[in-house]
Amino acid sequence: MAQTEEKPEFFPPIADVVDKTHAGDEDIGARPLEEIESLCMECGEQGVTRMMLTSIPFFREVIVMSFRCEHCGHSNNEIQSAGKIRSEGTIYTVKVLNRGDLDRQLIRSESCSINIPEFQLVLPPSRGQLTTVEGLLRDIVADLSGQQPLRRIQDENAYAKIQEIIDGLKAIIADDEDEGKDELEKRELSNEDPVSRAITITLDDPSGNSFLEFVGSMSDLKWNMRTYERSLEQNQQLGLAPPSEDAEKNAADEAEQGPNEEVFEFPGICSRCARPLITRMKKVSIPYFKDTLIMSTNCDNCGYRDNEIKSGSAISEQGKKITLKVEDRDDLSRDILKSDTSGLSIPEIDLVLHPGTLGGRFTTLEGILDQVYEELSEKVFNAGDSGVVDVDDRAEFQEFLRKLKQVKNAEIPFTLILDDPLANSHVQNLYAPDPDPNMEIVTYERTWQQNEDLGLNDMNVESYSGDDTKDSGTQLEVIG
């Protein structure tokens with residue numbers, strides 16, 4: 001009987017690679033590393049590049065490379081994805097509250113940017129890296145400390161600001177070598193001990209090839225992941241779209257598409273830093289709905305961003321209530337327009353958002369649930385927040401966040417209700433133009449109180465023609 005030869009595993013799990021490495025190097029063919037002679041770019045001599053093919057649990061296959069030159073001591077390490085680029089970009093967010101969070105594994109691709117808002121620190125895309133959160137913070141400290149002596153001479157102000165960041169990061173990773181603490185005292189710190197300052201680390205990767213480890217399961221309250229559709233510029237940076245060869249031709253093509261494609265710009269003042277900024281507005285026609293106005297504000301000075309949706313048509317005579325039954329993840333990709341007059345509720349988890357909450361939003365169902373989760377999760381992790389001080393309230397709020405995370409991941413079926421008195425909200429019908437079996441739309445007459453809240457009871461839209469100009473002038477003269 002012929003024996004079938006076992007197919008070799010090119011990307012074994014990283015745990016198996018570690019076990020083989022610890023087992024020794026008696027069997028050269030079983031070594032998990034491949035060694036290749038490479039030219040050192042520092043001294044021009046021959047160094048050695050070691051390559052390891054492995055797979056990260058809950059992530060994908062990667063290639064870990066390490067170079068070292070024995071002649072000059074130059075070393076370098078890098079990680080590259082061995083899989084295909086995802087169809088969407090990813091944003092990972094983790095809150096570092098205790099020392100155990102510093103041990104989370106972190107994979108950074110060459111297209112990933114990292115943001116630590118507590119220090120107003122943004123790391124632009126760089127080489128790929130396989131490390132931990134603590135390793136990332138130590139690398140930041142080492143990079144910032146390198147030029148500090150020169151900054152102290154050339155720019156005292158910049159030196160002081162950067163030194164404040166360095167001292168803050170050193171306190172978080174308990175790097176107290178300068179303060180004279182002994183090693184024994186450092187080792188007594190446990191994973192449950194809180195860090196000196198809670199921080200948030202965000203990985204934004206348009207290619208989707210970065211990763212930030214969760215603890216236990218994807219319901220980890222300190223961890224969050226969301227996906228987004230790449231822009232044309234991001235696709236061009238990744239080499240997935242041809243570069244614009246003629247900007248003027250593209251602008252002319254856009255102008256020929258009609259007035260709805262035109263973007264209007266209005267100068268304004270930033271509400272945070274009071275610097276000049278530009279607000280952009282565009283008219284968008286949503287299929288099977290109505291025209292809407294999308295407004296976006298972005299401050300280049302402080303990074304403040306805001307976007308808002310307004311109706312581009314007349315006020316509806318009736319209100320609208322949309323009820324959607326979400327059964328699987330496919331429903332999370334539905335486009336949703338929530339106006340600033342619409343309330344949002346999910347009865348299964350007792351979630352109620354009153355009109356005005358989150359403002360106007362045009363996104364997907366998954367996107368708006370991510371925004372709700374991010375807004376609410378800030379409260380449970382802020383110990384000084386007066387709204388969540390009691391231990392029982394904090395535990396109850398954490399349980400609510402756990403259920404909300406199950407909902408936004410479509411792990412349990414739920415019902416989404418949008419109640420908009422002005423009927424300016426919309427949920428995509430996947431079966432259009434036929435009725436959607438999972439969605440119910442009910443129109444209703446607004447109450448007097450709803451009209452009063454919207455300012456419609458005292459609105460006078462009559463006698464605005466040019467014939468009444470004379471009467472209006474007489475009335476103003478008598479009053480004067």
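Remember, it's a predicted structure, so these values are computed and weren't measured experimentally.

Let's talk about the overall build of the protein chain
And then number 1: Looking only at helices and strands, the protein chain features 11 helices and 24 strands.
And then number 2: Split into buried and exposed, the 480 residues of the protein chain put 36% on the buried side.
And then number 3: In the protein chain, the share of contacts with a sequence separation of at least 24, taken over all contacts with a separation of at least 6, comes to 62%.
And then number 4: When the accessible surface of the protein chain is split by element, carbon and sulfur atoms take 49% of a total near 29,500 Å².

Some points on the pattern of salt bridges
And then number 1: Counted by the stated rule, this structure contains 13 salt bridges.
And then number 2: As a salt-bridge pair, Arg68 and Glu70 come within 3.8 Å of each other at their nearest N and O atoms.
And then number 3: A relative accessible area of 37% means that Arg68 is categorised as partly exposed.
And then number 4: By relative accessible area, which is 63% here, Glu70 ends up exposed.
And then number 5: For the salt bridge of Glu374 with Arg226, the shortest nitrogen-to-oxygen distance reads 3.3 Å. Of this pair, Glu374 sits in helix 8 (residues 365-380) while Arg226 sits in strand 12 (residues 223-228), and the two are 148 residues apart along the sequence.
And then number 6: On the accessibility criterion, Glu374 (31% relative accessible area) is partly exposed.
And then number 7: Under the relative-accessibility criterion, Arg226 is labelled partly exposed at 27%.
And then number 8: Taken together, the shared-partner salt bridges in this structure form one network comprising Asp101, Arg104, Asp220 and Lys222.

Re the environment of Ser109
And then number 1: Relative to the helices and strands, Ser109 resides in the loop between strand 6 (105-108) and strand 7 (113-116).
And then number 2: When residues no more than four places from it in sequence are discounted, the contact partners of Ser109 are Ser126, Arg127, Gly128, Asp205, Ser207, Asn209 and Ser210.
And then number 3: Engagement of the side chain of Ser109 in a polar contact is seen with the side chain of Asp205, the distance being 2.7 Å.

Here we look at the pairing of strand 17 (residues 319-326)
And then number 1: Most of strand 17 sits out of view: 6 of its 8 residues are buried.
And then number 2: By the bridge criterion, 6 bridges tie strand 17 to strand 24 (residues 439-444) in an arrangement that is antiparallel. Considered in strand 24, the bridge of Thr323 is made with Glu440.
And then number 3: Inspection of the sheet shows strand 17 paired to strand 22 (residues 414-420) by 7 bridges, in the antiparallel sense. Paired with Thr323 across the bridge in strand 22 is Ile417.

What to know about the packing of aromatic side chains
And then number 1: If you walk through the whole model with that rule in mind, you get 4 aromatic pairs.
And then number 2: The interplanar angle of 70 degrees and the centroid separation of 5.1 Å between the aromatic rings of Phe214 and Trp223 together place this pair among those described as edge-to-face. Neither residue differs from the other here; Phe214 and Trp223 are each classed as buried.
And then number 3: Note that Arg197 overlies the ring of Phe119, its terminal NZ or CZ placed 4.4 Å from the centroid.

Here is what the cut-offs are and how they apply
- Residues numbered from 1 in each chain as written.
- Predicted model: local features only at pLDDT ≥ 70, side-chain atom pairs only at ≥ 80, totals over all residues.
- Heavy atoms only, no water.
- Helix = DSSP H or I, 4+ residues; strand = E, 2+ residues; numbered from the N terminus.
- Buried < 20%, exposed > 50% of the residue type's maximum accessible area, 1.4 Å probe, protein only.
- Contact = heavy atoms within 4.5 Å.
- Areas by Shrake-Rupley, 256 points an atom, 1.4 Å probe, with all protein chains shown as cover.
- Salt bridge = Lys/Arg side-chain N within 4 Å of Asp/Glu carboxyl O.
- Polar contact = N/O pair within 3.5 Å; in protein donor to acceptor, adjacent residues only side chain to side chain.
- Pairing = 2+ DSSP bridges.
- Phe/Tyr/Trp six-rings, centres within 6.5 Å; stacked < 30°, edge-to-face > 60°.
- Lys NZ or Arg CZ within 6 Å of the ring centre and 35° of its normal.

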